[in-house]
Amino acid sequence: MRLISLFYFFIIILFTSCPPAPAVVDNDNGQHAEEVVTDLPPVISPEEIEKRIEREKARREAKAPRNVILMIGDGMGVSQITAGLYSNGNKLQLERFPVLGLHKSYSGDNLVTDSAAGATAFSAGVKTYNGAIGVGMDTMPVETILESAEAKGMASGLVATSSIVHATPASFIAHNPYRKNYEAIATDFMDTEFDLLIGGGKKFFDRRETDERDLSQELRNKGYVVSSYFDEEIEDFKPEPGSNFAYFTADGEPLPYAQGRRYLETATQLAIKHLDEKGGERGFFLTIEGSQIDWGGHANESEYIISEMLEFDRAVGQALDFAEKDGNTLVIVTADHETGGYAINNGSKMGKIEPGFSSDYHTADLIPVFAYGPGQSLFSGIYENTAIYARMMDLLFLNRSDR
Ligand SMILES: [Zn+2]
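Residues numbered from 1 in each chain as written. Predicted model: local features only at pLDDT ≥ 70, side-chain atom pairs only at ≥ 80, totals over all residues.

Comments concerning the overall build of the chain
Move 1: A count of helices and strands for the chain gives 13 helices and 16 strands.
Move 2: The 403 residues of the chain split such that 46% are buried.
Move 3: Of the contacts made within the chain by residues no fewer than 6 positions apart, 70% connect residues no fewer than 24 positions apart. (Helix = DSSP H or I, 4+ residues; strand = E, 2+ residues; numbered from the N terminus. Buried ≥ 20, exposed ≤ 12 C-beta atoms within 10 Å, placed from the backbone. Contact = placed C-beta atoms within 7 Å.)

Structure, rendered in structure tokens:
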């Protein structure tokens, strides 16, 4: 009880004294020097403080997170994880998760889903047809969790190792009846005040074929920082804290990891740090996709799958490092579907996989879900892929009018 009172005390202190108060300080010579405070804190009304305390209290009672990081390894079934594990000294960051479940990945029109329908199940909680980006079976738009989060004042971001208009990231922010309409999908990014994006697909924004619009310029006009691999390495990209930004990692699709692409870990750290500062007490929702595990499966290339899977796993480790320190962040790792009917055949050894493939497309396997953080226990068991959306919405209170 005493701990709880102490907690509210700190919350009040936090809201009333964030920036340094004006003060008279002694300098080295013992003389007084006036500190000039130019940036006054925004005034928070007592009602708003009351509301925030109530929300914090409800969150604590429900053991709910402030932030959610949803990480999707596209095409990452159990075999892809196993191959990564045994190719990496029998060790994965994924082993740090205390809670595991399985989801049923089938789509609205096919037992074997594609990435568009798979991601729309996570982003909007509907089973839709293969190829659908943020729309239902009737092709009408369905609100996504990223849009709901933005509407409730949370910060939001998208990171991918494909182009950012590719099916998985697109399904969190765009609404289009067909996944290959990349330029139209890019246009939909203009309708949501997302806080950051990191991924390929620059040309769909600034060198469009279907119209004359320059969406990078339109973003700049809205106050976004827009940069790319063309201007600077992502390691050198230092967006102002508090800014909104887009950083393009490629003109079209980024290279495979094996050909030199290296940004997922840097992008994961950058995105989490930036959104944590921006979201503050209101929290953030971030989706990170390891996009090319799937492409290795389509190509039936075991080494491609493994190098992509292990990069994704390292990014997962970074998200977990943050969540462990933060204590208010739920990390969920899953895949939309398995790709390749990938098998680890007899003759495989630690460090050397003898692969088999039954397909160059996706399969209907159950897909693992890993969870760490407040609310983690809700992700054990076997459930529909759409349940992941419903549980994230509940845990972030995004269904509630008083959020
Ligand atoms: Zn695929």
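Some remarks on the confidence of the model for the chain
Move 1: For the chain, per-residue confidence averages 91 on the pLDDT scale, and residues scoring 70 or more make up 90% of the total.
Move 2: Under a pLDDT of 50 for its full length, residues 9-33 has, in the predicted model, 18 contacts with residues more than four places off or in other chains. (pLDDT = per-residue confidence, 0-100.)

Topic: helix α10 (residues 264-279)
Move 1: In this model α10 runs 21 Å from its N-terminal to its C-terminal C-alpha over 16 residues, within 8% of the 22 Å that 1.5 Å per residue would give.
Move 2: Among all positions of α10, only Leu264, Ala267, Thr268, Leu270, Ala271, Ile272, His274, Leu275 and Gly279 are buried.
Move 3: Where the residues of α10 are buried, they touch β3 (67-73), β5 (155-163), β6 (196-200), β9 (284-290) and α12 (302-326).
Move 4: In the stretch just after α10, Gly280 is the one whose phi turns positive, near 50°. (Expected span 1.5 Å × (residues − 1).)

Points about the environment of Gly296
Move 1: Its place among the elements puts Gly296 in helix α11 (residues 293-298).
Move 2: The buried category is assigned to Gly296, around which 27 C-beta atoms lie within 10 Å.
Move 3: Separated by 216 residues in sequence, Gly296 and Gln80 have C-alpha atoms that sit 10.0 Å apart.
Move 4: When sequence neighbours within four positions are dropped, the list of residues in contact with Gly296 reads Glu301, Tyr304, Ile305 and Glu308.

What about helix α4 (residues 115-124)?
Move 1: Burial of α4 is extensive: ten of the ten residues sit out of reach of the surface.
Move 2: Looking only at α4, the buried set comprises Ser115, Ala116, Ala117, Gly118, Ala119, Thr120, Ala121, Phe122, Ser123 and Ala124.
Move 3: Of the surrounding elements, those touching the buried residues of α4 are β3, α5 (145-151), α6 (167-170), α11 and α13 (386-395).
Move 4: Where α4 terminates, the next one or two residues include Gly125, which has phi positive at roughly 75°.

Some details on unusual backbone geometry
Move 1: The backbone phi angle of Thr139 is positive, close to 65°, even though this residue is not glycine.
Move 2: Tracing the sequence through the fold places Thr139 in the loop between α4 and α5.
Move 3: Unlike most non-glycine residues, Phe397 shows phi in positive territory, near 60°.
Move 4: When you line up the elements, Phe397 lands in the segment after α13.

Considering the nonpolar core
Move 1: Counting 99 residues, the largest nonpolar core has Met71, Ala271, Phe285, Met309, Ala319, Val331 and Ile332 as its most contacted members.
Move 2: With eleven residues, the top contributor of residues to this core is α12.
Move 3: In this structure, Phe285 is in contact with Val68, Ile145, Leu146, Ala149, Met154, Ser156 and Leu396, ignoring residues within four places of it in sequence. (Core = buried A, V, L, I, M, F, W, Y, C linked by C-beta atoms within 7 Å.)

Some words on the sheet that holds β9
Move 1: Spatial strand order, β7-β8-β6-β5-β9-β3-β10-β15-β4-β16: ten strands in an open sheet with mixed pairing. At either end of the open sheet lies a strand with only one pairing partner, and these are β7 (225-228) and β16 (381-384). Across the sheet, the axes of successive neighbouring strands diverge by a mean angle of 15°, strand direction being ignored.
Move 2: As paired strands, β6 and strand β8 (residues 245-248) are joined by four bridges and run parallel to one another. In the sheet register, Leu196 faces β8, and the bridge partner there is Phe245.
Move 3: Sheet strands touched by α12: β3, β9, β10 (329-334) and β15 (367-372). Its angle to β10, the strand with the most contacts, is close to 165°. (Pairing = 2+ DSSP bridges. Axes fitted to C-alpha atoms, helices over the stretch in contact; angles between N-to-C directions.)

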